[in-house]
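# Understanding the architecture of this molecule
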Amino acid sequence: GTKMFDINMDITARVVAEKEAERLSLTASLTGLSNRSALSQYLAREIPRNIRKKTRLFCIYIDLDKIKPINDTYGHKAGDEVLIAVAKRLYDTVRQSDCAARIGGDEFVVLLTDVDNDDDATHLVSRLNFEITSPIYTSVGEITVGASMGVAQCPAEGITLDELLNAADNKMYEQKRAR
């Protein structure tokens, strides 16, 4: 005689926990946007796809203005509310196929894919600027922030995340100095 044993285990909780851990490793905890690691993974997929399709990809580097005075005047809770509101506005403004990420305290990046002409990127930068600079309603009242933005094009100005971020960051600082 041959005997057979059967053991059944419900691993649903473990699978859910693993998926949640992976999601948390790819998102900025405060805002829920993608983080730098997720941005890098996204770019690694999108660059070859955009090259095959003969479309361009734009990296928009966004640095918020006036966050330090907000934190100093109203406290970090108000500053966090502003960051959360800006993140939501970025997420709501970009297409689902694009990627919005928070990569530092008040620094955000948007990767815009499948762009046929420069006007599309220029239009999105204008929309992002409008959304970011619109009044934000917080627990301490209405707050407004500004934004400095730099835009780099892939593949013309870089084909890695670091190259694109450096090019866009340099253009953003040029914009700040020009003010």
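We now turn to the structure provided with this report. (Residues numbered from 1 in each chain as written. Predicted model: local features only at pLDDT ≥ 70, side-chain atom pairs only at ≥ 80, totals over all residues. Heavy atoms only, no water.)

### Some words on the side chain of Ser-134
Relative to the helices and strands, Ser-134 is located in the loop between helix 5 (118-133) and strand 4 (136-138). On the basis of relative accessible area, Ser-134 is assigned to the buried category, the value being 17%. (Helix = DSSP H or I, 4+ residues; strand = E, 2+ residues; numbered from the N terminus. Buried < 20%, exposed > 50% of the residue type's maximum accessible area, 1.4 Å probe, protein only.)

### With respect to the sheet that holds strand 3 (residues 107-115)
With antiparallel pairing, four strands are arranged side by side in an open sheet as 2-3-1-6. Only two strands of the sheet have a single partner each, and these edge strands are strand 2 (99-102) and strand 6 (146-154). With direction set aside, neighbouring strand axes in the sheet form an average angle of 20°. By the bridge criterion, nine bridges tie strand 1 (residues 56-65) to strand 6 in an arrangement that is antiparallel. (Pairing = 2+ DSSP bridges. Axes fitted to C-alpha atoms, helices over the stretch in contact; angles between N-to-C directions.)

### Considering the nonpolar core
Counting residues in each nonpolar core, the largest one holds 30 residues, and the members touching the most others are Ile-62 and Leu-90. Broken down by secondary-structure element, the contributors of at least two residues to this core are strand 1, helix 3 (67-74), helix 4 (76-93), strand 3, helix 5 and strand 6. Ignoring anything within four residues of it in the chain, the contact list for Ile-62 reads Leu-90, Asp-106, Glu-107, Phe-108, Val-110, Leu-128, Ile-132, Ala-147, Ser-148 and Met-149. Leu-39, Tyr-42, Leu-161 and Met-172 belong to the second-largest nonpolar core, a separate cluster that totals 19 residues. (Core = buried A, V, L, I, M, F, W, Y, C linked by side-chain atoms within 4.5 Å. Contact = heavy atoms within 4.5 Å.)

### Let's talk about the environment of Ser-97
Counting through the fold element by element, Ser-97 comes out in the loop between helix 4 and strand 2. In this structure, Ser-97 is in contact with Tyr-42 and Thr-113, ignoring residues within four places of it in sequence.

### Thoughts on helix 6 (residues 161-178)
Given a rise of 1.5 Å per residue, 18 residues ought to cover 26 Å, and the 26 Å separating the end C-alpha atoms of helix 6 matches this to within 8%. When we look at burial in helix 6, the residues that qualify are Leu-161, Leu-164, Leu-165, Ala-167, Ala-168, Asp-169 and Met-172. At its buried positions, helix 6 is contacted by helix 2 (36-53), strand 1, strand 3 and strand 6. (Expected span 1.5 Å × (residues − 1).)

### Examining the pattern of salt bridges
Overall, the coordinates contain ten salt bridges when judged by the stated rule. Lys-68 is the salt-bridge partner of Asp-72, the closest N and O atoms lying 3.0 Å from each other. Of the two residues, Asp-72 and Lys-68 are both situated in helix 3; the distance of four residues between them amounts to about one turn of the helix. Each of the salt bridges in this network shares a partner with another, and the network as a whole consists of Glu-46, Arg-49, Lys-53 and Asp-114. (Salt bridge = Lys/Arg side-chain N within 4 Å of Asp/Glu carboxyl O.)

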